[in-house]
Amino acid sequence: MLEEKPDGLYCSSGAFYIDPWGPVHRAVITHAHGDHARVGSQAYLCASPTAPLLAKRFGIDAVIESVAYGEQVTLGGVRVSFHPAGHILGSAQIRIEGADGAWVVSGDYKRAPDPTCSPFEPVRCDTFITESTFGLPIFHWDATDAVIAELLAWWDENRTAGRTSVLFCYTLGKAQRVLAELSRITDRRVLVHGAMAPAIEVYRAAGVRLLDTATVVEQARGSSCAGELVLAPLSARGTPWMRRLGVFSDAFASGTMRIRGVRRQRNVDRGFVLSDHADWPDLLRTIEEVGAPRVLATHGTPEPLARYLRSQGIDSGVIRTAWESEAGSASESF
Ligand SMILES: [Zn+2]
Ligand SMILES: [Zn+2]
């Protein structure tokens, strides 16, 4: 049903690519992160909540069609539908049904509750292509509530000391999740880097409740950021923009903060382990719920997962991608 081509995963009976990394005639997109949704294709098809995110990135000339979650469309000889992946707003698993049975391409997904998007829905299929960004048994996430409480405590500590709290996080998905989670326990306003404003706007328009925000640039010249929480992409680190922030403590919110080497390399004061991907137990639980006799892993560390699944009697292999790891900067290209 799907084959690996130089531009990515291709479905010949439907004549489309899934998350291609080159420009193609028809791209079916799991979600709006830069490593999955690339500019230049002639036509895009995605789940409804993803369309405004793609439109912001690709501009008004891009041809973007969308369908509601669960609704089937026929492309050539196959039926295609999108099902919530719980990763970011609009993220979807893509189900393809044809003469060879049903395939599901998970895209990125997580099982932890997230107030900014529809929860992951297990879809039974014959072949499941699962992401494996954190596909090692060492990855096991703490409850989100606990991480968010820690984050607020860190902000409070810095406030008391008259410091700015700078939280680096991905512009699309993580920033909005932090703003939504924090809105349950505080009503303070949060300052953001200008690069975060477009996606925040799309989330608000989609009805996601977030804390009030203002951009750092909107602040009056000479006004202090002391005591404020500022969300910024990693790419802002070390740029002149940081001079506006005064004395600060910095942190990074990412699943990669679980890895000591990455924490050291990032060299931030604090690391908050907050991931939009499934951890090892959730990968295994999902594969069990989906019930597919064949599972292909992709992204991150697919080999150990495929090997483990084979040891459990599941027909399993690996799909190579040109996607960059979450630790890279690909997700920041919004
Ligand atoms: Zn993603
Ligand atoms: Zn990804």
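Cut-offs used in this document
- Residues numbered from 1 in each chain as written.
- Chains lettered and ligands numbered in written order.
- Predicted model: local features only at pLDDT ≥ 70, side-chain atom pairs only at ≥ 80, totals over all residues.
- Heavy atoms only, no water.
- Donors = N, O, S within 2.8 Å, 3.2 Å for Na, K, Ca; no water.
- Helix = DSSP H or I, 4+ residues; strand = E, 2+ residues; numbered from the N terminus.
- Buried < 20%, exposed > 50% of the residue type's maximum accessible area, 1.4 Å probe, protein only.
- Pairing = 2+ DSSP bridges.
- Tetrahedral: all angles 85-135°; square planar, octahedral: opposite > 155°, others 65-115°.
- Polar contact = N/O pair within 3.5 Å; in protein donor to acceptor, adjacent residues only side chain to side chain.
- Contact = heavy atoms within 4.5 Å.
- Salt bridge = Lys/Arg side-chain N within 4 Å of Asp/Glu carboxyl O.
- Arc of directions from axis to C-beta.
- pLDDT = per-residue confidence, 0-100.

**Considerations on the coordination of the zinc ion (ligand 2)**
Ideal geometry at a metal centre: 109.5 degrees between donors when four sit tetrahedrally, and 90 or 180 degrees when six sit octahedrally.
Part 1 of the argument: At 2.2 to 2.7 Å from the zinc ion (ligand 2) lie its protein donor atoms, namely H36 (NE2), D108 (OD) and H299 (NE2).
Part 2 of the argument: Read in sequence order, the donor residues for the zinc ion (ligand 2) give the motif H-x71-D-x190-H.
Part 3 of the argument: For the pair the zinc ion (ligand 2) and the zinc ion (ligand 1), the metal-to-metal distance amounts to 3.5 Å, and D108 bridges them. One end of the pair, D108, is in the loop between strand 10 (101–105) and strand 11 (127–131); the other, H299, is in the loop between strand 18 (294–298) and helix 7 (302–311), and 191 residues separate them in sequence.
Part 4 of the argument: Judged by its relative accessible area of 3%, D108 falls in the buried class.
Part 5 of the argument: Classification of H299 as buried rests on a relative accessible area of 5%.

**Quick look at the environment of G76**
Part 1 of the argument: As for its placement among the helices and strands, G76 is situated in the loop between strand 7 (73–75) and strand 8 (78–84).
Part 2 of the argument: For G76, a relative accessible area of 65% gives the class exposed.
Part 3 of the argument: It is 41 Å that separates the C-alpha atoms of G76 and P233, two residues lying 157 residues apart in sequence.

**Concerning the sheet that holds strand 4 (residues 27–28)**
Part 1 of the argument: Ordered in space as 1-2-3-4-5-6, the six strands form an open sheet in which the pairing is mixed. Strand pairing shows two members of the sheet lacking a second neighbour, strand 1 (3–5) and strand 6 (64–67), which therefore form its edges.

**Quick look at the coordination of the zinc ion (ligand 1)**
Part 1 of the argument: Distances from the zinc ion (ligand 1) to its protein donors, H31 (NE2), H33 (ND1), H87 (NE2) and D108 (OD), fall at 2.2 Å.
Part 2 of the argument: Coordination at the zinc ion (ligand 1) is irregular, judged from the four donor atoms that bind it and the angles of 90 to 164° they form at the metal.
Part 3 of the argument: Along the chain, the residues donating to the zinc ion (ligand 1) are arranged with the sequence spacing H-x1-H-x53-H-x20-D.

**Quick look at unusual backbone geometry**
Part 1 of the argument: We note that A15 has phi near 55°; this positive angle belongs to a residue other than glycine.
Part 2 of the argument: With respect to the secondary-structure elements, A15 resides in the loop between strand 2 (8–11) and strand 3 (16–18).
Part 3 of the argument: In this structure, H299 is a non-glycine residue whose phi angle is positive, near 85°.

**Considerations on the side chain of Q93**
Part 1 of the argument: Within the secondary structure, Q93 sits in strand 9 (residues 92–98).
Part 2 of the argument: Among the polar contacts made by the side chain of Q93, one reaches the main-chain carbonyl oxygen of E121 at a distance of 2.8 Å.
Part 3 of the argument: In contact with Q93, not counting residues within four places along its chain, are S81, F82, H83, P84, A85, V104, V105, S106, F120, E121, V123 and F128.

**Quick notes on the pattern of salt bridges**
Part 1 of the argument: Summed over all chains, the structure comprises 18 salt bridges.
Part 2 of the argument: Note that E150 and R270 form a salt bridge whose closest N and O atoms lie 3.6 Å from each other. Taken together, the positions of E150 in helix 2 (residues 144–160) and R270 in strand 17 (residues 270–272) put the pair 120 residues apart, joining distant regions of the chain.
Part 3 of the argument: We classify R270 as partly exposed; its relative accessible area is 28%.
Part 4 of the argument: Taken together, the salt bridges that share partners define one network made up of K110, D114, R177 and D276.

**Notes on helix 1 (residues 51–58)**
Part 1 of the argument: Among the residues making up helix 1, those that are buried are A51, L53, L54 and F58. In a view along the axis of helix 1, the buried residues occupy a sector of 160°, so they form one face of it.
Part 2 of the argument: The inward-facing, buried residues of helix 1 contact strand 5 (44–47), strand 6 and helix 4 (197–205).
Part 3 of the argument: Of the residues one or two after helix 1, G59 is the one with positive phi, at around 90°.

**Here we look at the pairing of strand 9**
Part 1 of the argument: Counting buried positions along strand 9 yields five of seven residues, so the element is predominantly enclosed.
Part 2 of the argument: Note: strand 8 against strand 9, six bridges, orientation antiparallel. Looking at strand 9, one finds that R79 is bridged to E97.
Part 3 of the argument: Bridge count for strand 9 against strand 10 is five bridges, and the pairing is antiparallel. In the strand pairing of strand 10, G98 is matched with G101.
Part 4 of the argument: In this structure, the hairpin formed by strand 9 and strand 10 is closed by a connection of two residues.

**A short note on the confidence of the model for the protein**
Part 1 of the argument: Per-residue pLDDT for the protein has a mean of 94; in total, 96% of the residues score no lower than 70.
Part 2 of the argument: Across residues 324–334 the pLDDT falls below 50, and counting only partners more than four positions away or on other chains, this stretch makes 37 contacts in the model.

**Focus: the side chain of S183**
Part 1 of the argument: Along the chain, S183 falls in the loop between helix 3 (174–182) and strand 13 (190–192).
Part 2 of the argument: The exposure class assigned to S183 is buried, which follows from its relative accessible area of 9%.
Part 3 of the argument: If we ignore the near neighbours within four places in the chain, the residues touching S183 are R209, L210 and L211.

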